[in-house]
Amino acid sequence: MRVFLPDKVGFCFGVKRAISRVEEKLKEGKEKIYCLGDLIHNPEVMENLVRKGLKVISDLSEVKGGVVFTRAHGTPHSVLEEAAKRKIKIVETTCPYVIRLQKIARRLAEMSYPLVIVGSREHPEIDSLIANIKANIYVVSCPEEVKKLPSLKKIAVLSQTTESLDNFKNIVNNLLKGRLEVRVFNTLCRVVRERQEETRELAEKVEAMVVVGGRNSSNTRKLVKICQEKGVKTFFVEKKEDLNYQEIKKLKSVGVTGGTSTPEETVKEVAKSIIELT
(Lines give C-alpha, C1' and ligand atoms only; values in the text may rest on other atoms or scores of the structure.)
Protein backbone atom coordinates (compact mmCIF):
# COMPACT_ATOMS: atom_id res chain seq x y z
CA MET A 1 0.00 0.00 0.00
CA ARG A 2 1.18 3.50 -0.84
CA VAL A 3 0.45 6.29 1.67
CA PHE A 4 0.64 9.96 0.70
CA LEU A 5 0.62 13.18 2.75
CA PRO A 6 0.41 16.78 1.55
CA ASP A 7 3.52 18.96 1.80
CA LYS A 8 2.21 20.68 4.91
CA VAL A 9 0.14 19.38 7.83
CA GLY A 10 -0.39 20.64 11.35
CA PHE A 11 -1.52 23.89 12.92
CA CYS A 12 -2.07 27.17 11.15
CA PHE A 13 -0.39 30.28 12.61
CA GLY A 14 -3.44 31.43 14.57
CA VAL A 15 -3.98 28.07 16.28
CA LYS A 16 -0.26 27.63 17.00
CA ARG A 17 -0.08 31.11 18.54
CA ALA A 18 -3.16 30.58 20.73
CA ILE A 19 -1.91 27.24 22.08
CA SER A 20 1.59 28.61 22.66
CA ARG A 21 0.27 31.52 24.74
CA VAL A 22 -1.83 29.25 26.94
CA GLU A 23 0.98 26.72 27.43
CA GLU A 24 3.46 29.45 28.39
CA LYS A 25 1.06 30.73 31.03
CA LEU A 26 0.39 27.21 32.33
CA LYS A 27 4.15 26.58 32.69
CA GLU A 28 4.48 29.66 34.92
CA GLY A 29 2.08 27.99 37.35
CA LYS A 30 1.46 31.25 39.21
CA GLU A 31 -2.32 31.57 38.82
CA LYS A 32 -5.46 29.83 37.60
CA ILE A 33 -5.80 29.72 33.81
CA TYR A 34 -9.23 29.73 32.20
CA CYS A 35 -10.52 29.62 28.63
CA LEU A 36 -13.96 30.93 27.73
CA GLY A 37 -15.12 27.98 25.63
CA ASP A 38 -12.79 25.69 23.70
CA LEU A 39 -9.61 27.50 22.67
CA ILE A 40 -9.68 25.58 19.35
CA HIS A 41 -11.88 22.88 17.84
CA ASN A 42 -9.80 19.79 18.56
CA PRO A 43 -10.73 17.42 21.45
CA GLU A 44 -7.23 15.88 21.68
CA VAL A 45 -5.55 19.28 22.06
CA MET A 46 -8.14 20.53 24.53
CA GLU A 47 -7.85 17.37 26.67
CA ASN A 48 -4.08 17.83 26.77
CA LEU A 49 -4.41 21.48 27.87
CA VAL A 50 -6.95 20.55 30.55
CA ARG A 51 -4.55 17.89 31.89
CA LYS A 52 -1.93 20.63 32.19
CA GLY A 53 -4.30 22.77 34.25
CA LEU A 54 -6.48 24.77 31.86
CA LYS A 55 -10.05 25.25 33.08
CA VAL A 56 -12.64 25.56 30.30
CA ILE A 57 -15.62 27.69 31.34
CA SER A 58 -18.83 28.84 29.68
CA ASP A 59 -19.45 31.98 31.75
CA LEU A 60 -17.31 34.63 33.45
CA SER A 61 -19.16 34.01 36.72
CA GLU A 62 -17.09 30.80 37.01
CA VAL A 63 -13.82 32.74 37.28
CA LYS A 64 -12.20 32.76 40.70
CA GLY A 65 -9.11 34.89 40.17
CA GLY A 66 -6.44 34.15 37.58
CA VAL A 67 -6.42 34.83 33.85
CA VAL A 68 -9.03 34.17 31.15
CA PHE A 69 -7.98 33.39 27.57
CA THR A 70 -10.42 34.09 24.76
CA ARG A 71 -10.94 31.50 22.04
CA ALA A 72 -9.16 31.77 18.68
CA HIS A 73 -12.51 32.25 16.88
CA GLY A 74 -13.17 35.68 18.39
CA THR A 75 -15.07 37.06 21.38
CA PRO A 76 -18.09 39.41 21.57
CA HIS A 77 -17.15 42.87 22.87
CA SER A 78 -19.92 42.55 25.46
CA VAL A 79 -17.98 39.69 27.08
CA LEU A 80 -14.79 41.78 27.21
CA GLU A 81 -16.75 44.69 28.73
CA GLU A 82 -18.22 42.39 31.37
CA ALA A 83 -14.73 41.11 32.18
CA ALA A 84 -13.52 44.69 32.63
CA LYS A 85 -16.40 45.41 35.04
CA ARG A 86 -15.55 42.28 37.03
CA LYS A 87 -11.85 43.26 36.93
CA ILE A 88 -10.98 39.96 35.28
CA LYS A 89 -7.68 39.78 33.41
CA ILE A 90 -8.26 38.82 29.76
CA VAL A 91 -5.71 37.56 27.23
CA GLU A 92 -6.90 37.81 23.62
CA THR A 93 -5.98 34.90 21.33
CA THR A 94 -8.27 35.77 18.42
CA CYS A 95 -6.78 34.59 15.11
CA PRO A 96 -5.31 37.46 13.02
CA TYR A 97 -7.43 36.36 10.05
CA VAL A 98 -10.58 36.64 12.18
CA ILE A 99 -9.49 40.12 13.33
CA ARG A 100 -8.98 41.10 9.67
CA LEU A 101 -12.46 39.81 8.78
CA GLN A 102 -14.03 41.88 11.56
CA LYS A 103 -12.11 45.02 10.56
CA ILE A 104 -13.28 44.76 6.95
CA ALA A 105 -16.86 44.05 8.06
CA ARG A 106 -16.84 47.06 10.40
CA ARG A 107 -15.56 49.38 7.66
CA LEU A 108 -18.23 48.18 5.23
CA ALA A 109 -20.94 48.53 7.88
CA GLU A 110 -19.87 52.13 8.42
CA MET A 111 -20.39 52.63 4.66
CA SER A 112 -23.98 51.31 5.08
CA TYR A 113 -23.47 48.06 3.19
CA PRO A 114 -25.69 45.12 4.15
CA LEU A 115 -23.29 42.22 4.78
CA VAL A 116 -23.60 38.69 3.43
CA ILE A 117 -21.30 36.31 5.29
CA VAL A 118 -20.62 32.92 3.70
CA GLY A 119 -20.35 30.43 6.54
CA SER A 120 -22.16 28.60 9.32
CA ARG A 121 -24.50 30.53 11.62
CA GLU A 122 -23.66 28.12 14.46
CA HIS A 123 -19.91 28.79 14.32
CA PRO A 124 -18.43 30.95 17.14
CA GLU A 125 -16.53 33.03 14.59
CA ILE A 126 -19.86 34.12 13.06
CA ASP A 127 -21.38 34.63 16.51
CA SER A 128 -18.65 37.06 17.52
CA LEU A 129 -18.85 38.87 14.17
CA ILE A 130 -22.61 39.41 14.47
CA ALA A 131 -22.22 40.50 18.10
CA ASN A 132 -19.46 43.01 17.31
CA ILE A 133 -20.64 44.58 14.05
CA LYS A 134 -23.68 46.87 13.91
CA ALA A 135 -25.11 46.13 10.48
CA ASN A 136 -27.71 44.12 8.61
CA ILE A 137 -25.94 40.77 8.45
CA TYR A 138 -27.13 37.73 6.51
CA VAL A 139 -25.38 34.38 6.90
CA VAL A 140 -25.49 32.06 3.89
CA SER A 141 -24.11 28.52 3.98
CA CYS A 142 -24.96 27.28 0.45
CA PRO A 143 -26.04 28.66 -2.97
CA GLU A 144 -29.66 27.57 -2.38
CA GLU A 145 -29.96 29.95 0.55
CA VAL A 146 -29.25 32.97 -1.67
CA LYS A 147 -32.88 32.81 -2.86
CA LYS A 148 -34.05 33.48 0.70
CA LEU A 149 -32.24 36.82 0.93
CA PRO A 150 -34.27 40.05 0.69
CA SER A 151 -34.02 42.12 -2.49
CA LEU A 152 -30.94 44.26 -1.89
CA LYS A 153 -29.52 46.52 -4.59
CA LYS A 154 -26.09 46.67 -3.01
CA ILE A 155 -24.29 44.22 -0.74
CA ALA A 156 -20.81 43.34 0.50
CA VAL A 157 -19.83 39.69 0.65
CA LEU A 158 -17.28 38.21 3.05
CA SER A 159 -16.46 34.72 4.21
CA GLN A 160 -15.92 32.83 7.41
CA THR A 161 -12.16 32.29 7.50
CA THR A 162 -12.51 28.48 7.41
CA GLU A 163 -15.02 28.31 4.56
CA SER A 164 -14.50 26.32 1.36
CA LEU A 165 -13.23 28.46 -1.52
CA ASP A 166 -15.44 26.58 -4.00
CA ASN A 167 -18.55 27.20 -1.90
CA PHE A 168 -17.60 30.87 -1.53
CA LYS A 169 -17.22 31.24 -5.31
CA ASN A 170 -20.53 29.48 -6.03
CA ILE A 171 -22.44 31.69 -3.61
CA VAL A 172 -20.80 34.85 -4.96
CA ASN A 173 -21.80 33.87 -8.52
CA ASN A 174 -25.40 33.49 -7.37
CA LEU A 175 -25.32 36.80 -5.52
CA LEU A 176 -24.17 38.65 -8.65
CA LYS A 177 -27.46 37.92 -10.40
CA GLY A 178 -29.90 40.84 -10.34
CA ARG A 179 -27.90 43.16 -8.09
CA LEU A 180 -26.45 46.54 -9.07
CA GLU A 181 -23.49 46.51 -6.69
CA VAL A 182 -21.76 43.52 -5.13
CA ARG A 183 -18.46 44.07 -3.33
CA VAL A 184 -16.58 40.85 -2.65
CA PHE A 185 -13.81 40.35 -0.11
CA ASN A 186 -11.96 37.07 0.09
CA THR A 187 -11.49 36.72 3.85
CA LEU A 188 -10.63 33.01 3.84
CA CYS A 189 -7.52 32.05 5.79
CA ARG A 190 -4.56 31.55 3.43
CA VAL A 191 -3.44 28.36 5.19
CA VAL A 192 -6.98 26.94 5.03
CA ARG A 193 -7.12 27.67 1.28
CA GLU A 194 -3.75 26.00 0.70
CA ARG A 195 -4.74 22.95 2.76
CA GLN A 196 -7.96 22.61 0.76
CA GLU A 197 -6.08 22.77 -2.54
CA GLU A 198 -3.46 20.24 -1.43
CA THR A 199 -6.22 17.91 -0.21
CA ARG A 200 -8.08 18.23 -3.51
CA GLU A 201 -4.93 17.37 -5.50
CA LEU A 202 -4.15 14.41 -3.24
CA ALA A 203 -7.70 13.04 -3.50
CA GLU A 204 -7.34 12.89 -7.28
CA LYS A 205 -4.55 10.30 -7.16
CA VAL A 206 -5.58 7.87 -4.41
CA GLU A 207 -8.26 5.28 -3.76
CA ALA A 208 -9.22 6.72 -0.38
CA MET A 209 -8.58 9.70 1.89
CA VAL A 210 -8.20 9.79 5.64
CA VAL A 211 -8.99 13.21 7.11
CA VAL A 212 -7.73 13.73 10.66
CA GLY A 213 -9.23 16.29 13.01
CA GLY A 214 -11.93 17.24 15.46
CA ARG A 215 -15.47 16.48 14.39
CA ASN A 216 -16.43 19.94 15.66
CA SER A 217 -13.79 21.58 13.44
CA SER A 218 -15.27 23.56 10.55
CA ASN A 219 -12.10 23.57 8.43
CA THR A 220 -11.62 19.82 8.91
CA ARG A 221 -15.21 19.07 7.87
CA LYS A 222 -14.61 21.13 4.73
CA LEU A 223 -11.68 18.83 3.86
CA VAL A 224 -13.96 15.81 4.30
CA LYS A 225 -16.50 17.36 1.95
CA ILE A 226 -13.83 18.12 -0.66
CA CYS A 227 -12.70 14.48 -0.61
CA GLN A 228 -16.26 13.18 -0.87
CA GLU A 229 -16.98 15.50 -3.80
CA LYS A 230 -13.93 14.04 -5.55
CA GLY A 231 -15.62 10.65 -5.31
CA VAL A 232 -12.99 8.88 -3.22
CA LYS A 233 -13.76 6.74 -0.18
CA THR A 234 -13.32 9.07 2.80
CA PHE A 235 -12.56 8.28 6.44
CA PHE A 236 -12.98 11.03 9.06
CA VAL A 237 -11.03 10.27 12.25
CA GLU A 238 -9.81 12.20 15.27
CA LYS A 239 -6.91 9.83 16.07
CA LYS A 240 -5.33 6.57 14.89
CA GLU A 241 -7.54 4.50 17.21
CA ASP A 242 -10.58 5.57 15.16
CA LEU A 243 -9.29 4.01 11.93
CA ASN A 244 -11.22 1.22 10.24
CA TYR A 245 -8.19 -0.98 9.61
CA GLN A 246 -10.24 -3.80 8.07
CA GLU A 247 -11.41 -1.47 5.30
CA ILE A 248 -8.15 0.40 4.85
CA LYS A 249 -5.94 -2.68 4.44
CA LYS A 250 -7.92 -3.60 1.30
CA LEU A 251 -6.70 -0.42 -0.44
CA LYS A 252 -3.65 0.12 -2.65
CA SER A 253 -3.27 3.88 -2.14
CA VAL A 254 -4.36 6.20 0.66
CA GLY A 255 -3.96 9.93 1.21
CA VAL A 256 -3.80 11.34 4.74
CA THR A 257 -4.47 14.98 5.57
CA GLY A 258 -5.57 16.99 8.57
CA GLY A 259 -7.32 20.21 9.52
CA THR A 260 -5.45 23.35 10.57
CA SER A 261 -6.39 22.66 14.20
CA THR A 262 -4.97 19.12 14.06
CA PRO A 263 -1.45 18.53 15.49
CA GLU A 264 1.14 17.49 12.91
CA GLU A 265 2.18 14.52 15.05
CA THR A 266 -1.41 13.20 15.12
CA VAL A 267 -1.64 13.24 11.32
CA LYS A 268 1.73 11.51 11.01
CA GLU A 269 0.80 8.89 13.63
CA VAL A 270 -2.29 8.03 11.58
CA ALA A 271 -0.19 7.77 8.41
CA LYS A 272 2.40 5.60 10.19
CA SER A 273 -0.25 3.20 11.51
CA ILE A 274 -1.59 2.76 7.97
CA ILE A 275 1.91 2.13 6.58
CA GLU A 276 2.45 -0.55 9.24
CA LEU A 277 -0.51 -2.50 7.81
CA THR A 278 1.57 -3.39 4.77
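Here, every reference points to the structure presented above.
A brief look at the structure comes next. Since the structure is predicted, the reported quantities are computational estimates derived from the model, not experimental observations. (Residues numbered from 1 in each chain as written. Predicted model: local features only at pLDDT ≥ 70, side-chain atom pairs only at ≥ 80, totals over all residues. Heavy atoms only, no water.)

## With respect to the packing of helix 1 (residues 13-28) against helix 2 (residues 43-51)
And then number 1: Interhelical geometry of helix 1 versus helix 2 gives an angle of 15° and a closest axis separation of 11 Å. Between helix 1 and helix 2, the angle is such that the two are roughly parallel. The interaxial crossing formed by helix 1 with helix 2 has left-handed handedness. In this structure, helix 1 uses I19, V22, E23 and L26 to contact helix 2, whose residues at the interface are V45, N48 and L49. (Axes fitted to C-alpha atoms, helices over the stretch in contact; angles between N-to-C directions. Helix = DSSP H or I, 4+ residues; strand = E, 2+ residues; numbered from the N terminus. Parallel < 35°, antiparallel > 145°, perpendicular 65-115°, else oblique. Left-handed = near helix turned anticlockwise from the far one by under 90°. Contact = heavy atoms within 4.5 Å.)

## Quick look at the sheet that holds strand 7 (residues 137-140)
And then number 1: Spatially, the four strands line up as an open sheet ordered 7-6-8-9, and their pairing is parallel. Looking along the sheet, the strands with just one partner apiece sit at the ends: strand 7 and strand 9 (181-184). Across the sheet, the mean angle separating the axes of adjacent strands is 25° when strand polarity is ignored.
And then number 2: Bridge count for strand 6 (residues 115-118) against strand 7 is four bridges, and the pairing is parallel. For V118, the partnering residue across the bridge sits in strand 7 and is V140.
And then number 3: Against the sheet, helix 4 (residues 96-110) touches strand 6, strand 8 (154-159) and strand 9, its axis set at about 175° to strand 8.
And then number 4: Sheet strands in contact with helix 5 (residues 124-132) are strand 6 and strand 7, and its direction is about 165° off that of strand 7. (Pairing = 2+ DSSP bridges.)

## Considering unusual backbone geometry
And then number 1: Positive phi outside glycine occurs at K87, with the angle close to 60°.
And then number 2: Position of K87 relative to the elements: it lies in the loop between helix 3 (77-85) and strand 5 (89-91).
And then number 3: Look at S112: it is not a glycine, yet its phi comes out positive at around 70°.
And then number 4: Here S112 lies in the loop between helix 4 and strand 6.

## Description of the packing of aromatic side chains
And then number 1: Applying the stated criterion across every chain yields a total of zero aromatic pairs.
And then number 2: Positioned over the ring face of Y113 is K154, at 4.3 Å from the centre of the ring. (Phe/Tyr/Trp six-rings, centres within 6.5 Å; stacked < 30°, edge-to-face > 60°. Lys NZ or Arg CZ within 6 Å of the ring centre and 35° of its normal.)

## Describing the sheet that holds strand 1 (residues 2-4)
And then number 1: With parallel pairing, the four strands of this open sheet are ordered in space as 1-12-10-11. Strand pairing shows two members of the sheet lacking a second neighbour, strand 1 and strand 11 (233-237), which therefore form its edges. If you compare each strand with its neighbour and ignore which way they point, the axes differ by 20° on average.
And then number 2: Here strand 10 (residues 208-212) pairs with strand 12 (residues 253-258) via five bridges, running parallel. By the bridge assignment, V211 is partnered in strand 12 with T257.
And then number 3: Each of strand 1, strand 10 and strand 12 touches helix 7 (residues 190-203); the most contacted strand, strand 12, lies at about 170° to it.
And then number 4: This element, helix 10 (residues 264-275), spans strand 1, strand 10 and strand 12 of the sheet and lies at about 165° to strand 12.

## A closer look at the nonpolar core
And then number 1: Ranked by internal contacts, the top residues of the largest apolar core, which has 20 residues, are V22, L39, I40, L49 and L54.
And then number 2: For this core, the elements supplying multiple residues, two or more each, are helix 1, strand 2 (33-36), helix 2, strand 4 (67-69) and helix 7.
And then number 3: It is helix 1 that contributes the most residues to this core, five residues altogether.
And then number 4: If you look at the next biggest cluster of nonpolar residues, it comprises 16 residues, including V3, V256, V267 and A271. (Core = buried A, V, L, I, M, F, W, Y, C linked by side-chain atoms within 4.5 Å. Buried < 20%, exposed > 50% of the residue type's maximum accessible area, 1.4 Å probe, protein only.)

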